[in-house]
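Fold and geometry: a report
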Amino acid sequence: MGILERKEREREEMRRLILEAAQKLFLANGYEKVSIRNIADEIEYSPATIYLYFKDKNELFFALHQQAFRKLINEFAPIAHLQKPMDKLEEMGRLYIRFAFENPELFDLMFIMNAPMEAIECREDIWDDGHQAFHVLQNVVQECIDSGAIKHPDAERAGLLIWSMVHGLAALFLRKRMMIFGEERKKTLMDEAYDLFVQTIRKGL
């Protein structure tokens, strides 16, 4: 391994450590209460080291958002192998819920954790990855409209409705709001609710 290659690998490793520490502290203590010094202490480096990689806390938060949304988009890859648009839509919802269950901390960071909007508005490409994730859904909904499976003519509005429902189920489960149904029943009930939602969409949105 050459010197330049080794330095680049070391740089990527340090960036990964910084992001992991920032995510851990943001989720544990809240965005507002975490400082660059806190993050530096977590990885046992000086704050100056972090500033070599990120100009401020906002940019750190933005990088975490980008990373999380790219992972979500990659989760949707299997739908490309399905032929029927409604099958794609149904599977996409299941993949979204699975992503939330398997990555609860990322889901929290992306959608639930409070943080000032300037934390992501500091970049011109704000929500590019978020937009891309929604556009994957919107495109599938448009396929459903074109095939006649969905009657509503606006893929954006229909997509938002569908996302809201699936997102809501995942958020209710992860935030333990489904405990009212009992530990043994909550997961089964959520699956049944999703199946009912899919049946409703198939019958005529």
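Residues numbered from 1 in each chain as written. Predicted model: local features only at pLDDT ≥ 70, side-chain atom pairs only at ≥ 80, totals over all residues. Heavy atoms only, no water.

1. Regarding the packing of helix H5 (residues 85-102) against helix H6 (residues 104-112)
Across the interface, H5 lies against H6 with an axial gap of 5 Å and an inter-helix angle of 105 degrees. Relative to H6, H5 is oriented roughly perpendicular. Where H5 approaches H6, its residues Tyr-96, Phe-99, Ala-100, Phe-101 and Glu-102 are matched on the opposing element by Pro-104, Leu-106, Phe-107, Met-110 and Phe-111. Its residues placed into classes, the contact of H5 with H6 shows nine nonpolar, no polar and one charged. (Axes fitted to C-alpha atoms, helices over the stretch in contact; angles between N-to-C directions. Helix = DSSP H or I, 4+ residues; strand = E, 2+ residues; numbered from the N terminus. Parallel < 35°, antiparallel > 145°, perpendicular 65-115°, else oblique. Contact = heavy atoms within 4.5 Å. Nonpolar A, V, L, I, M, F, W, Y, C, P; charged D, E, K, R; others polar.)

2. Topic: the pattern of salt bridges
Two side chains bearing opposite charge may form a pair once their charged atoms approach each other closely. Under the definition given, this model contains 14 salt bridges. Note that Asp-195 and Arg-94 form a salt bridge whose closest N and O atoms lie 2.7 Å from each other. With Asp-195 in helix H10 (residues 183-204) and Arg-94 in helix H5, the pair connects residues that are 101 residues apart, well separated along the chain. On the accessibility criterion, Asp-195 (30% relative accessible area) is partly exposed. Given a relative accessible area of 33%, Arg-94 falls into the partly exposed group. Taken together, the salt bridges that share partners define one network made up of Asp-87, Glu-90, Arg-94, Asp-195 and Arg-202. (Salt bridge = Lys/Arg side-chain N within 4 Å of Asp/Glu carboxyl O. Buried < 20%, exposed > 50% of the residue type's maximum accessible area, 1.4 Å probe, protein only.)

3. Points about the packing of aromatic side chains
Scanning all chains against the criterion turns up 10 aromatic pairs. Considering the side-chain rings of Tyr-96 and Phe-107, the 6.0 Å spacing of their centres and the 80 degrees angle between planes classify their relative orientation as edge-to-face. One end of the pair, Tyr-96, is in helix H5; the other, Phe-107, is in helix H6, and 11 residues separate them in sequence. Side by side, Tyr-96 and Phe-107 carry an identical accessibility label, which is buried. An aromatic cluster is built from Phe-69, Tyr-96, Phe-107, Phe-111, Phe-134 and Trp-163, whose rings are joined through pairwise contacts. Above the face of the Tyr-31 ring, Lys-57 is positioned so that its terminal group lies 4.3 Å from the ring centre. Taking NZ or CZ as reference, Lys-186 lies 5.1 Å from the ring centre of Phe-173, over its face. (Phe/Tyr/Trp six-rings, centres within 6.5 Å; stacked < 30°, edge-to-face > 60°. Lys NZ or Arg CZ within 6 Å of the ring centre and 35° of its normal.)

4. With respect to the packing of helix H1 (residues 3-29) against helix H4 (residues 57-75)
Across the interface, H1 lies against H4 with an axial gap of 10 Å and an inter-helix angle of 95 degrees. Compared by their axis directions, H1 and H4 come out roughly perpendicular. In this structure, H1 contributes Arg-15, Ile-18, Leu-19, Ala-22, Gln-23 and Phe-26 to the contact, and H4 contributes Lys-57, Leu-60, Phe-61, Ala-63, Leu-64 and Gln-67. Looking at the contact of H1 with H4, its residues break down into eight nonpolar, two polar and two charged.

5. Let's talk about the nonpolar core
In terms of nonpolar packing, the biggest core is built from 39 residues, with Leu-72, Leu-89, Val-141, Ile-150 and Ile-162 touching the most fellow members. If you list the elements that add at least two residues to this core, you get H4, H5, H6, helix H8 (128-147), helix H9 (155-174) and H10. Setting aside anything within four residues of it in sequence, one finds Val-141 in contact with Leu-89, Ile-150, Ala-155, Ala-158, Gly-159 and Ile-162. (Core = buried A, V, L, I, M, F, W, Y, C linked by side-chain atoms within 4.5 Å.)

Purely geometric numbers; function is a separate question.
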